[in-house]
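Descriptive structure summary
Below are the chains, spelled out letter by letter.
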Amino acid sequence: MNLLDQFKKIRAFVFDMDGVLTDGTVYVFDSGEQVRRMSIRDGFALQLAVKKGYRVAVISGGHSSGAASRLNKLGITDVFMDVKDKRSVLLQYM
């Protein structure tokens with residue numbers, strides 16, 4: 001079996017948020033609100049994965065209603081925020 005055939009077994013992708021779906025930049029406004037910066041290219045790839053029938057989940061220790069909203073708009077419904085035990089959530093998701 002060649003390498004490309006092995007990729008055919010993939011059915012789902014699970015990501016963390018900070019440093020994975022963001023570049024690590026956090027903007028802090030005078031109000032104290034913190035905003036993450038996400039790539040439009042990553043968003044396109046995630047949306048395409050959903051359209052192709054892959055399950056996509058994001059498990060994050062942080063909480064951002066803006067990030068969750070963006071992920072939902074990309075078609076990602078399995079968004080877990082403010083998670084203290086990511087391993088447990090991942091195992092339950094699987």
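Residues numbered from 1 in each chain as written. Predicted model: local features only at pLDDT ≥ 70, side-chain atom pairs only at ≥ 80, totals over all residues. Heavy atoms only, no water.

Overview of a nonpolar patch on the surface
Here is the rule: Residues with no salt bridge and a relative accessible area higher than 30% make up the patches, which join like charges within 9 Å and nonpolar side chains (Val, Leu, Ile, Met, Phe, Trp, Tyr) within 5 Å. Under the convention used here, a 1.4 Å probe and the Shrake-Rupley method define accessible areas, while residue burial counts only the protein chains that appear. When a carboxyl oxygen of Asp or Glu lies within 4 Å of a side-chain nitrogen of Lys or Arg, that pair is called a salt bridge. In DSSP terms, a helix is any run of H or I states spanning at least four residues, a strand is any run of E spanning at least two, and both are numbered starting from the N terminus.
On the surface, Leu3, Leu4 and Phe7 cluster together to form a nonpolar patch covering roughly 350 Å² of accessible area. Its location among the elements puts Phe7 in helix α1 (residues 3-7).

A word on the environment of Ala49
Stated precisely, the cut-off is as follows: Exposure is judged per residue with a 1.4 Å probe applied to protein chains only, and the accessible area is read against the type maximum: over 50% gives exposed, under 20% gives buried, and values in between give partly exposed. Only heavy atoms matter for contacts: two residues are in contact if any of them lie within 4.5 Å across the pair.
Mapped onto the elements, Ala49 comes out in helix α2 (residues 40-51). With a relative accessible area of 12%, Ala49 lands in the buried category. A sequence separation of 13 residues divides Ala49 from Gly62, and the C-alpha atoms of the two residues are 24 Å apart. Those residues in contact with Ala49 that sit more than four places away from it in its chain are Tyr54 and Val56.

As for the packing of aromatic side chains
Heads up, the condition is: Any Phe, Tyr or Trp ring, taking Trp's six-membered ring, that has another such ring centre within 6.5 Å forms a pair; planes under 30 degrees apart are called stacked, those over 60 apart edge-to-face, and the others tilted.
Enumeration according to the criterion identifies 3 aromatic pairs in this entry. Judged by centre distance (6.3 Å) and plane angle (15°), the rings of Phe13 and Phe15 are stacked. Overall, Phe15 belongs to the partly exposed group, its relative accessible area being 24%. Each residue in the set Phe13, Phe15 and Tyr54 is aromatic and connected to the rest through ring pairs, giving one cluster.

Considering the sheet that holds strand β4 (residues 55-59)
Quick note on the threshold: One requirement defines pairing of two strands: DSSP has to find at least two bridges between them. Where helices are involved, their axes are fitted lines through C-alpha atoms of the stretch in contact, as for all axes, and angles between N-to-C directions lie from 0 to 180°.
Taken in spatial order, the 3 strands of this open sheet run β1-β4-β5, and their pairing is parallel. One side of each edge strand has no neighbouring strand; the edge strands of this open sheet are β1 (12-15) and β5 (78-80). For this sheet, the mean inter-axis angle between neighbouring strands, taken without regard to orientation, is 10°. Against the sheet, helix α4 (residues 86-93) contacts β1, β4 and β5, and its axis sits at roughly 160° relative to β4.

Here's the deal with the pattern of salt bridges
Pairing between side chains becomes possible if they bear opposite charge and their charged atoms approach one another. For the structure shown, the criterion picks out 5 salt bridges. Among the ionic pairs, Asp23 bridges to Arg37, the shortest N-O distance being 2.4 Å. Linking Asp23 in strand β2 (residues 22-28) with Arg37 in strand β3 (residues 34-38), this pair joins segments that are 14 residues apart in sequence. When the shortest N-O distance is used, the salt bridge between Asp82 and Lys84 registers 3.1 Å. Given the relative accessible area of 72%, Lys84 is considered exposed.

As for α2
Selection criterion: Helix span, as expected, comes to 1.5 Å for every residue beyond the first. By construction, the arc corresponds to the directions joining the helix axis to the C-beta atoms. Polar contact is the term for a pair of N or O atoms within 3.5 Å; when the atoms are in protein, one must be able to donate a hydrogen and the other to accept it, and sequence-neighboring residues count only if both atoms are side-chain atoms.
With 12 residues, α2 ought to run about 16 Å at 1.5 Å a step, and its terminal C-alpha atoms sit 16 Å apart, in line with that. Taken residue by residue, α2 has Gly43, Leu46 and Ala49 as its buried positions. Taken around the axis of α2, the buried residues stretch over an arc of 125°, which confines them to a single face. For α2, exposure combined with an orientation more than 90 degrees from the buried face picks out Ile40, Arg41, Phe44 and Lys51. Buried-residue contacts for α2 involve β1, β4 and α3 (65-73). The backbone nitrogen of Arg41 lies 3.1 Å from a side-chain oxygen of the residue at the head of α2, namely Ser39. Following α2 by one or two positions, Gly53 has its phi on the positive side, about 95°.

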